[in-house]
There are 2 protein chains.
Amino acid sequence: PDEAARAAAAERQRQLVKPPGALGRLEEIAIRIAGWQGREIPAINRPTVAVFAATHGVAGRGVSPYPPEVTKQMVATFTNGKAAVNQICGVFGAGLRVFDLALDLPTPDIVEQDALTEAECAATMAFGMEALAGEPDLLCLGEMGIGNTTVAAAIFHGLYGGEAEEWVGPGTGSTGEVLARKIAAVRAAVARSKAHLDDPLEVLRKLGGREVAAMAGAILAARLQRVPVVLDGYVVTAAAAVLKALDPTALDHCFAGHVSAEPAHRVVLERLGLRPLLDLDMRLGEGSGAALAIGVVKAALACHAGMSTFAEAGVADA
Amino acid sequence: PDEAARAAAAERQRQLVKPPGALGRLEEIAIRIAGWQGREIPAINRPTVAVFAATHGVAGRGVSPYPPEVTKQMVATFTNGKAAVNQICGVFGAGLRVFDLALDLPTPDIVEQDALTEAECAATMAFGMEALAGEPDLLCLGEMGIGNTTVAAAIFHGLYGGEAEEWVGPGTGSTGEVLARKIAAVRAAVARSKAHLDDPLEVLRKLGGREVAAMAGAILAARLQRVPVVLDGYVVTAAAAVLKALDPTALDHCFAGHVSAEPAHRVVLERLGLRPLLDLDMRLGEGSGAALAIGVVKAALACHAGMSTFAEAGVADA
C-alpha cells in the first residue's frame, strides 16, 4: 500500500468534525483503503461480489443434508436474481459475477484422492484471477458448493493441526450421523495427506475444491492490483488461510466481512488476525456476509470524503 | 404487533431458498418488522434519522473536553449536510430531521437542581413525538448535546444503582480530571435525587436532559404507530431504559443499532435484552450507529421480499 496516502487519510480523519477515533472501525476502513487506492480520499464505485461455484466428490459421502444437485440449482438461482446475495447486492449497488467451475465434473473424493492435480490447481487459481477482469474497486468473495464446508474444515485441519472435530461444524445444517460422517471424512482426508501438510499449496491441492483454489487466485490478483477484498465465511476464509500460510502479508488488503455461525470461523479469523465487520449469525455463504459489509465500507468512505473538518465547519475543537 | 403477520413471515423464511436460519439475524429483523407492519412482506421506504439536540447546565462543570457551544455548531453542521450522520443517511437513502430543543436555554445543572419541571418534561416528551410527523416507516434516533453522556450515566445510575464509576465512561473523550469531575457530578446528581429513584419518570425529569425526554416521547409514539425504532448509543439508550423501567414491553419495537465504545453501553443493552446489530467501536452519537444499521435492516427486508422459495426456484430442499 501507499504509505503517504494512508498517512494523509489518517491525518484527515483527525481533522474531521468528530472526536478523534469516534467513528471507530469506519476510520480504519477509510485509512486502509486510502493506502491501497493510493489517494487521501478513496472511493468505491464498482463494488463486485464474485461467487465461485464448484462440485465435490466428498459430497457423495453424505456430509451435507442437501443433495449435490443443489449447487447447480443455486447457480441458476443466482443467475435468475432470486438468491439472498442478489437482494443484498441490489441494496448496496454491487455487481454480481458468478463463476461456474466445471460443475458437471466434481473433484475426486478427498478421502481417497487429491482434489486437483498440480496443473489443475494452477489453472483454477489463474481462472479465479478473472474476478478482477471487470475492474472492481472492491472485491467481495463468495462461494457455493454442497460439501465445501467439509473441504474448508479439511484445509484448516491440514494447516493448523488439532483434531478434526475442532474444525467441523454444521455448515448448512449437518447434525447427528451426517455430522459424524463429515468429521470422519475430514479426519481421513487429512490423514491421507499427512506427509504434505507443511506445504500450504499442497494442502490446497490435495484437500481443496475448485472454488477454494479460484478464490485464492482472486485474492492474490486483487493484492497485485491493489483492490481491497472482503471475505465472506468459513469456505472463503480457507482460501485466505492458504495464502496467509505462504506469506504473512498476503491478506493485508483483506477485510473479514463477517464472522459466521460456523463455530470454527471465529477461531480462524482470530488466527488470521482478521476482525470481522459484522456478527449476525449468518451461515449462508454465497457471498452474503461479504456483500452485507459493503454497506459499512460505503458508509466509512462517505464519512471520510463528505464530512467537514473542524476548521471548515467552524466548530470548536477539544 | 400483528402475530398472524409475524407467523406468516416466519413461515416464509422457512420456505426461502436457503438452509433454515442461515440468514441469522436478518431473518429475525424481517419477522419482527412484519409483525409491526402487519404484513407478511414488510417494506421500509421512508427510513428517517431524527437527531435531538439539547444543552445541559452540567456541562459548565467541565465534564467534557469540548465547550458547550459545540452543540449549536454541530446542529449547524447537520443542517449544512457535513456531519457524519449526513453522509451515512446519504448512503442508505434515509431522511434526516434535526430537532433543536431550546439550545439557548440549557437545562439546570443536575447536581443542584432538577433538569425539568413536570410540565416541561411532559411537553418535551410530546415534542419528541413530532419525530413521527413525517410518517417514517423506520425511525432511527440520535442526539447531540455536550454533557449528555454525563446525563445518561446519571439516569442509568439512578435506575440501576451501583456506583457512579460503573456508568461513567469517556464519552467524547473525557479523561483524567475531566473524567473525575464527570463521575463526581453523576454521583452528586443521583444522591440529590435519591428519594425518587423508584419512579423512572422522576429519574428522567430530575436527571435527564431535553433530548432524552424527547427521545423517550419518540419511542413511545413510534410504538403506538407501530413504527420500528433503531436506537443509537449510550444517550439514546438512556431514554429507552426509562421506558423499559415503566413497562417491560416498551421496547418490543426497538432494535439496538450498535453497541458503542462507551464501556457501560454493552452492560445496559444486555440489561434491556437488546442485542446490537453492529459493533464497530463507534462513539460519536448524532444517530450515526443507528443510521449505519439501516443498511442491515434494508438487506434483511430485501432478502425476505426478493428471494425465491425452494418451490419457485426448483431447488431440492434438505
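Before reading on, note that the structure itself is shown above.
How each quantity is defined
- Residues numbered from 1 in each chain as written.
- Chains lettered and ligands numbered in written order.
- Predicted model: local features only at pLDDT ≥ 70, side-chain atom pairs only at ≥ 80, totals over all residues.
- Heavy atoms only, no water.
- Least-squares fit on C-alpha atoms with pLDDT ≥ 70 in both.
- Contact = heavy atoms within 4.5 Å.
- Helix = DSSP H or I, 4+ residues; strand = E, 2+ residues; numbered from the N terminus.
- Buried < 20%, exposed > 50% of the residue type's maximum accessible area, 1.4 Å probe, protein only.
- Pairing = 2+ DSSP bridges.
- Axes fitted to C-alpha atoms, helices over the stretch in contact; angles between N-to-C directions.
- Parallel < 35°, antiparallel > 145°, perpendicular 65-115°, else oblique.
- Left-handed = near helix turned anticlockwise from the far one by under 90°.
- Nonpolar A, V, L, I, M, F, W, Y, C, P; charged D, E, K, R; others polar.
- Expected span 1.5 Å × (residues − 1).
- Salt bridge = Lys/Arg side-chain N within 4 Å of Asp/Glu carboxyl O.
- Buried area = accessible area lost by both parts, 1.4 Å probe.
- Polar contact = N/O pair within 3.5 Å; in protein donor to acceptor, adjacent residues only side chain to side chain.
- Phe/Tyr/Trp six-rings, centres within 6.5 Å; stacked < 30°, edge-to-face > 60°.

Enquirer: Where do I start with the relation of the copies chain A and chain B in this structure?
Expert: Relating one copy of the chain to the other takes a rotation about an axis and a shift parallel to that axis. When chain A is fitted to chain B, the residual RMSD is 0.0 Å, and the transformation amounts to a turn of 180° plus an axial shift of 0.0 Å. Such a turn and shift between the copies fits a two-fold axis. When you check the interface residues of chain A against chain B, 100% turn up at the interface there too, and the contact is symmetric in its surfaces.

Enquirer: Hey, could you run me through the environment of Ala240(B) in this one?
Expert: Residues and elements named next belong to chain B. Positionally, alanine 240 belongs in helix α11 (residues 234-246). Alanine 240 gets classed as buried once you look at its relative accessible area, which sits at 0%. Put simply, alanine 240 and methionine 215 are 25 residues apart on the chain and 8.0 Å apart in space, counted from C-alpha to C-alpha. Every residue in contact with alanine 240, bar those within four places of it in the chain, is listed here: Ile219, Leu231 and Leu251.

Enquirer: What am I meant to see in the sheet that holds strand β4 (residues 229-231) of chain B here?
Expert: Each strand in a sheet pairs with another by means of backbone hydrogen bonds, the pair being arranged parallel or else antiparallel. All names here are of chain B. Strand order in the open sheet formed by five strands is β2-β1-β3-β4-β5, with parallel pairing between adjacent strands. Since the sheet does not close on itself, it has two edges, and those belong to β2 (95-100) and β5 (254-256), each with one partner. Within the sheet, the average angular offset between the axes of one strand and its neighbour, ignoring direction, is 25°. Where strand β3 (residues 138-144) lies against β4, two bridges are found, and the strand directions are parallel.

Enquirer: Explanation requested: unusual backbone geometry in the structure shown.
Expert: A negative phi holds for most residues other than glycine; trans holds for most peptide bonds. Residues and elements named next belong to chain B. The phi dihedral of aspartate 281 falls on the positive side, at around 60°, and the residue is not glycine. You can see aspartate 281 is positioned in the loop between α12 (263-271) and α13 (288-306). Even without being a glycine, glutamate 286 presents a positive backbone phi close to 55°. Judged by its relative accessible area of 1%, glutamate 286 falls in the buried class.

Enquirer: Sorry, what's going on with the pairing of β3(B) here?
Expert: Looking along a regular strand, one sees side chains alternate from face to face of the sheet. The element β3(B) is extensively covered by neighbouring structure, given that seven of its seven residues are classed as buried. Going residue by residue along β3(B), you find Leu138(B), Cys140(B), Gly142(B) and Met144(B) tucked away on one face and Leu139(B), Leu141(B) and Glu143(B) tucked away on the opposite face as well.

Enquirer: What is the right way to look at the packing of helix α4 (residues 84-92) of chain A against α13(B) in this model?
Expert: For any two helices packed against each other, the geometry is given by the interaxial angle and the distance between the axes. Where α4(A) contacts α13(B), the axes come no closer than 8 Å and their chain directions differ by 135°. Our classification of the angle between α4(A) and α13(B) gives oblique. In this structure, the crossing between α4(A) and α13(B) has a hand that is right-handed. In this structure, α4(A) uses Ala84(A), Gln87(A), Ile88(A), Val91(A) and Phe92(A) to contact α13(B), whose residues at the interface are Gly295(B), Lys298(B), Ala299(B), Ala302(B), Cys303(B) and Gly306(B). When its residues are assigned to classes, the contact of α4(A) with α13(B) shows seven nonpolar, three polar and one charged.

Enquirer: Just checking my understanding: could you explain α11(B) for this structure?
Expert: All names here are of chain B. Compared with an ideal rise of 1.5 Å per residue, which puts 13 residues at 18 Å, α11 spans 19 Å between its outermost C-alpha atoms and is within 8% of the ideal. Here α11 lies mainly inside the structure; 10 of its 13 residues are buried. When α11 is considered as a whole, its buried residues turn out to be Tyr234, Val235, Val236, Thr237, Ala238, Ala239, Ala240, Ala241, Val242 and Leu243.

Enquirer: Looking at this structure, I do not really get the pattern of salt bridges. What am I missing?
Expert: It is possible for side chains of opposite charge to pair when their charged atoms get near one another. In the structure shown here, the tally under the stated rule is 28 salt bridges over all chains. Between Arg61(B) and Glu112(B) there is a salt bridge, with the nearest N and O atoms lying 3.4 Å from each other. Taken together, the residues Arg61(B) in the loop between β1 (47-53) and α3 (69-79) and Glu112(B) in the loop between β2 and α5 (118-128) connect sequence positions 51 residues apart. In this structure, the salt-bridge partner of Glu202(B) is Arg205(B), at a minimum N-O distance of 2.7 Å. Of this pair, Glu202(B) and Arg205(B) both sit in helix α9 (residues 200-207), three residues apart, which is roughly one turn of the helix. Each of the two residues, Glu202(B) as well as Arg205(B), counts as buried. One network of salt bridges, in which partners are shared, links Asp114(A), Arg192(A), Glu202(A), Arg205(A) and Lys206(A).

Enquirer: Where do I start with the sheet that holds strand β2 (residues 95-100) of chain A in this structure?
Expert: All names here are of chain A. Strand order in the open sheet formed by five strands is β2-β1-β3-β4-β5, and the pairing between neighbours is parallel. Each having just a single partner strand, β2 and β5 (254-256) make up the two edges of the open sheet. Strand-to-strand twist in this sheet, taken as the mean axis angle between neighbours without regard to direction, amounts to 25°. Docked against the sheet, helix α10 (residues 210-224) engages β1 (47-53), β3 (138-144), β4 (229-231) and β5, running at close to 175° with respect to β3.

Enquirer: For this particular structure, what's the right way to read the interface of chain A and chain B?
Expert: Put simply, an interface is often sized by how much accessible area is lost when its parts join up. Taken together, the contact pairs 51 residues of chain A with 51 residues of chain B. Summing both partners gives a buried area of about 4200 Å² for chain A against chain B, and 67% of it is carried by carbon and sulfur. Inspection of the chain A/chain B interface yields two salt bridges. Asp281(B) is the partner of Arg275(A) in a salt bridge, and the nearest nitrogen-oxygen pair spans 2.9 Å. Our enumeration of links across chain A and chain B arrives at 16 residue pairs in polar contact (both at pLDDT 80 or more). Those elements giving two or more residues to the side of chain A that touches chain B turn out to be α2 (25-37), α3 (69-79), α4, α13 (288-306) and α14 (310-313) of chain A. With eight residues, α13(A) is the largest single contributor of residues to the side of chain A that touches chain B. Each residue belonging to the side of chain A that touches chain B can be placed in one class, and the counts come to 32 nonpolar, 10 polar and nine charged.

Enquirer: Help me understand the environment of Ile29(A), please; the structure alone is not making it clear to me.
Expert: Residues and elements named next belong to chain A. In this structure, isoleucine 29 sits in helix α2. According to the relative accessible area criterion, isoleucine 29 is buried, its value standing at 0%. Taking the C-alpha atoms as reference points, isoleucine 29 and valine 296, 267 residues apart in sequence, are found 8.9 Å from one another.

Enquirer: Even after reading the chapter, I still don't get the side chain of Lys18(B), so can you show me in this structure?
Expert: Checked against the element boundaries, Lys18(B) lands in the loop between α1 (3-15) and α2 (25-37). With relative accessibility at 2%, the residue Lys18(B) sits in the buried group. Side chain to side chain, Lys18(B) and Glu27(B) meet in a polar contact 2.8 Å long. When neighbours within four sequence positions are excluded, Lys18(B) is seen to be in contact with Tyr66(A), Leu284(A), Gln13(B), Leu23(B), Glu27(B), Met307(B) and Phe310(B).

Enquirer: Which parts of the structure should I look at to understand the packing of aromatic side chains?
Expert: Note on aromatic pairs: each is described by the distance of the centres and the angle between the planes. Tallied over the full model, the rule gives 15 aromatic pairs over all chains. Taken together, a centroid distance of 4.7 Å and an interplanar angle of 15° make the contact between Phe52(A) and Phe99(A) stacked. Placement of the pair is Phe52(A) in strand β1 and Phe99(A) in strand β2, with a sequence separation of 47 residues. The exposure class of Phe52(A) is buried, given its relative accessible area of 0%. Taking relative accessible area as the criterion, Phe99(A) reaches 5% and is therefore assigned buried. With 6.4 Å between their ring centres and 10° between their planes, Tyr66(A) and Phe310(B) make a pair best called stacked. Taken as a pair, Tyr66(A) in the loop between β1 and α3 and Phe310(B) in helix α14 (residues 310-313) lie in two separate chains rather than in one. A relative accessible area of 6% means that Tyr66(A) is categorised as buried.

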